[in-house]
Amino acid sequence: MQQYAANTAPATTKGNDQLQQAPGQKSGMDKIRIVGGKRLEGIIPISGAKNAALPLMCAALLTDEPVQFQNMPTTLDDIKTLSAVLQEMGVIAATPAPDALILHAKSMTSHIAPYELVRKMRASVLVLGPLLAREKQAEVSLPGGCAIGTRPIDLHIDGLKAMGAEIELAGGYVKAKAPDGLKGAHINFSKVSVGATENLMMAACLAQGETVLSNAAREPEIVDLGECLISMGAQITGLGTPEIRIQGSEKLHGTVHRVVPDRIETGTWMIAACLTGGTLKLENARLEHLAALVGPLEEAGLKIDSDGKDIIVSRNGRPLTGTDIMTEPYPGFPTDLQAQFMTMLTLCVGAGMVTETIFENRFMHVPELNRMGADIRVQGNSSIIRGVSKLNGAEVMATDLRASVALILAALVAEGETTINRIYHLDRGYENIVEKLGRCGADITRIPA
Ligand code: UD1
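Residues numbered from 1 in each chain as written. Predicted model: local features only at pLDDT ≥ 70, side-chain atom pairs only at ≥ 80, totals over all residues. Heavy atoms only, no water.

A. Here's a closer look at the overall build of the protein. Check the secondary structure of the protein and you find 14 helices and 24 strands. Taken against the 2.2 N^0.38 rule, which gives 22 Å for 449 residues, the C-alpha radius of gyration of the protein at 22 Å falls within 12% of a compact globule. Dimensions of the protein along its principal axes, counting C-alpha atoms only, are 65 × 45 × 45 Å. The contacts of the protein with a sequence gap of at least 6 include a subset with a gap of at least 24, amounting to 74%. As displayed, the protein offers around 17,000 Å² of accessible surface, 49% of which is attributable to carbon and sulfur atoms. Distance between charge centres in the protein, computed from 42 positive and 49 negative side chains, equals 3 Å. (Helix = DSSP H or I, 4+ residues; strand = E, 2+ residues; numbered from the N terminus. Rg over C-alpha atoms; globule rule 2.2 N^0.38 Å. Contact = heavy atoms within 4.5 Å. Areas by Shrake-Rupley, 256 points an atom, 1.4 Å probe, with all protein chains shown as cover. Lys, Arg positive; Asp, Glu negative; His and termini not counted. Charge placed at Lys NZ, Arg CZ, Asp CG, Glu CD.)

B. Structural detail: the site of the ligand. Neighbouring residues of the ligand: 19 residues in total, closest D154, S193, V194, D336 and I358. In the environment of the ligand, an oxygen atom lies 3.3 Å from a nitrogen or oxygen atom belonging to the backbone of P152. With respect to the ligand, the backbone of I358 contributes an N or O atom lying 2.6 Å from an oxygen atom. Starting from 740 Å² of accessible surface for the ligand in isolation, the protein chains cover 88%. Here the shell around the ligand takes three residues from helix α5 (residues 154–162), the largest share from any one element. (Near = heavy atom within 4 Å. Polar contact = N/O pair within 3.5 Å; in protein donor to acceptor, adjacent residues only side chain to side chain.)

C. Representation of the environment of P220 within the structure. Tracing the backbone shows P220 in helix α7 (residues 220–231). Along the backbone, P220 and K31 are 189 residues apart, and their C-alpha atoms lie at a distance of 32 Å. Leaving out residues up to four positions away in the same chain, P220 has contacts with R263, H289 and Y330.

D. A look at the confidence of the model for the protein. With 92% of its residues at a pLDDT of 70 or more, the protein has an overall mean of 91. Throughout residues 1–15 the model reports pLDDT below 50, and contacts reaching past four residues in sequence, or to other chains, amount to 30 contacts. (pLDDT = per-residue confidence, 0-100.)

E. Highlighting the sheet that holds strand β16 (residues 303–306). A sheet is described by the order of its strands in space; here four strands give the open sequence β2-β15-β17-β16, paired in mixed fashion. Two strands in the sheet have a free side with no partner beyond their single neighbour: β2 (42–45) and β16. For this sheet the average axis-to-axis angle between neighbouring strands, irrespective of direction, equals 20 degrees. (Pairing = 2+ DSSP bridges. Axes fitted to C-alpha atoms, helices over the stretch in contact; angles between N-to-C directions.)

F. Fine view of the environment of V212. Looking at where V212 falls in the secondary structure, it is placed in strand β11 (residues 210–214). For V212, a relative accessible area of 7% corresponds to the buried category. Remark: the alpha-carbon pair of V212 and Q247, spanning 35 residues in sequence, is separated by 8.8 Å. Contacts of V212, omitting those with residues within four sequence positions, involve A185, H186, I187, E243, I244 and R245. (Buried < 20%, exposed > 50% of the residue type's maximum accessible area, 1.4 Å probe, protein only.)

G. Spotlight on the side chain of T327. With respect to the secondary-structure elements, T327 resides in the loop between β18 (325–326) and α10 (338–345). Reaching out from T327, the side chain makes a polar contact with the side chain of E356 at a distance of 3.2 Å.

H. Geometry of helix α6 (residues 194–205). With 12 residues, α6 extends 17 Å from end C-alpha to end C-alpha; this agrees with the ideal 16 Å at 1.5 Å per step. Summarising burial for α6: 11 of the 12 residues are buried, a large majority. Taken together, the buried positions of α6 are occupied by G195, A196, T197, E198, N199, L200, M201, M202, A203, A204 and C205. Of the residues that open α6, the one with a side-chain oxygen 3.0 Å from the backbone nitrogen of A196 is S193. (Expected span 1.5 Å × (residues − 1).)

I. Representation of the environment of R377 within the structure. The topology assignment puts R377 in strand β20 (residues 375–379). Since its relative accessible area comes to 57%, R377 is described here as exposed. Separated by 101 residues in sequence, R377 and T276 place their C-alpha atoms 24 Å apart. Sequence-distant contacts of R377, that is, excluding residues within four places in its chain, are made with S382, S383, I384 and R386.

J. The packing of aromatic side chains, seen in detail. In this structure the tally under the stated criterion is two aromatic pairs. Measuring from ring centre to ring centre gives 5.4 Å for F333 and F341, while their planes differ by 75 degrees; the resulting arrangement is edge-to-face. Across this residue pair, the class does not change: F333 and F341 are buried. (Phe/Tyr/Trp six-rings, centres within 6.5 Å; stacked < 30°, edge-to-face > 60°.)

K. Quick peek at the packing of helix α8 (residues 263–276) against helix α12 (residues 401–413). In contact at an axis separation of 9 Å, α8 and α12 are set at 25 degrees when each is read in the N-to-C sense. Relative to α12, the element α8 lies roughly parallel. Of the two possible hands of crossing, α8 and α12 adopt the one that is right-handed. Of the residues in α12, those in contact with I264, T268, W269, I271, A272, L275 and T276 of α8 are R402, V405, L409, L412 and V413. (Parallel < 35°, antiparallel > 145°, perpendicular 65-115°, else oblique. Left-handed = near helix turned anticlockwise from the far one by under 90°.)

L. Structural context of α5. Along α5, the positions that sit buried rather than exposed are L155, H156, I157, G159 and L160. Residues of α5 that are buried make contact with α4 (128–135), β8 (166–170), β9 (173–177), β10 (186–188) and α6. Note on α5: the residue one or two positions beyond its end, G164, has a positive phi of about 100 degrees.

M. Molecular detail of unusual backbone geometry. Cis peptide bonds are those with omega within 30 degrees of zero, and the linkage from Y330 to P331 qualifies with 10 degrees. With respect to the helices and strands, the residue P331 is situated in the loop between β18 and α10. Here K136, not a glycine, exhibits a phi torsion of approximately 65 degrees, which is positive. In this model, N215 sits at a positive phi of 60 degrees, which is unusual for a non-glycine residue. By the element assignment, N215 lies in the loop between β11 and α7.

The following block contains the structure:
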């Protein structure tokens, strides 16, 4: 077990093993059993955003000083997997508090992200840019993760090549080197990509000269990463716009950074309240990151209030109205809330249409929802959802993270009992889901495998 050396250790008594799963605890093969029909009433604390946390953890590779994260969703399997990837490379990890993580990449012992770990989680590819920038070499297995389409990484690779990297694909690995260091470049993405924007923004921080990223992603997670990098000494402008400029620095330093609240978790519980009725207070959430969801949910019948820190959502009695959505890069409707929104439409009066423009093959929740009594027809990248009067409990299984939580939402309103099998996707992305929903009145139990 690696631990902080005494002279570099921030105050902590816990070491590297804190993020590993203790034997006999939760297993991804566990099931969740829900008896539907309970209104949700109560308070749900929103966790730090998984999709911000993952690139932030990779940013710790850019400095030899410790980086401390607060509001970190340390119990998520994706965070544990990435932590293991980083530890393989010599990074020292410590959890001084349940929602805090310190990563210290004092000296790297390896520049390889191995298949056994990367296959579990696609976001491991985000080590490529920072590792290459710092170590001048990186080997990363081609990624796995959610089975939603082919999900190439050509934009990451082409961008790094434009910055002077030599890259070959061999034996299932991306092998990259930049013996003379990376050089600033103007990269115009042919498609908006969250991951490619993050990877190249991190790489550019230690490149020589200026990098301009055009048609860059604008997600709040990108802004959060950029703000952390700035607090580490990076020079970045244009965050939250389609053109990000990064002036390369010779060195970055350690920092303390608070992870932005999870807008996808927030949106998921807003949709839950809309479906079940009742009132939920979502603590420590940012409504301004969910502008594209607010309109369609209000149209459907949800009342939404926010004091800038918490969000209160309620729906009492009124029938759900059907409405149409189309997923788009931020600030458009998030693809990561598409499955949950579709679940809500299954019980609307009339019909709604969902169009998915980000990922092909992201309708895998449809057959399972139809098995529960929904009336959804898929045509190409659109689905027509005709409202039905009720869903019925069933035994179901999901194939990706957001599809899994969509089935949880369906189960909360279905008549009778639903068993959701193979919940490892949920463990990747939702902290304490059984506890959070149970405390608000849901009849929900985790059944060990
Ligand atoms: C991130 C999120 C994921 C979310 C997605 C879109 C994380 C860890 N994951 O994934 O939850 O669903 O953004 O909001 O933050 N593409 C290419 N070539 C590339 C890269 C992407 O063609 O090199 C395509 C993808 O196949 C997809 C689209 O671009 O069709 C958007 O993907 P991208 O934004 O890169 O998604 P991720 O960063 O993987």
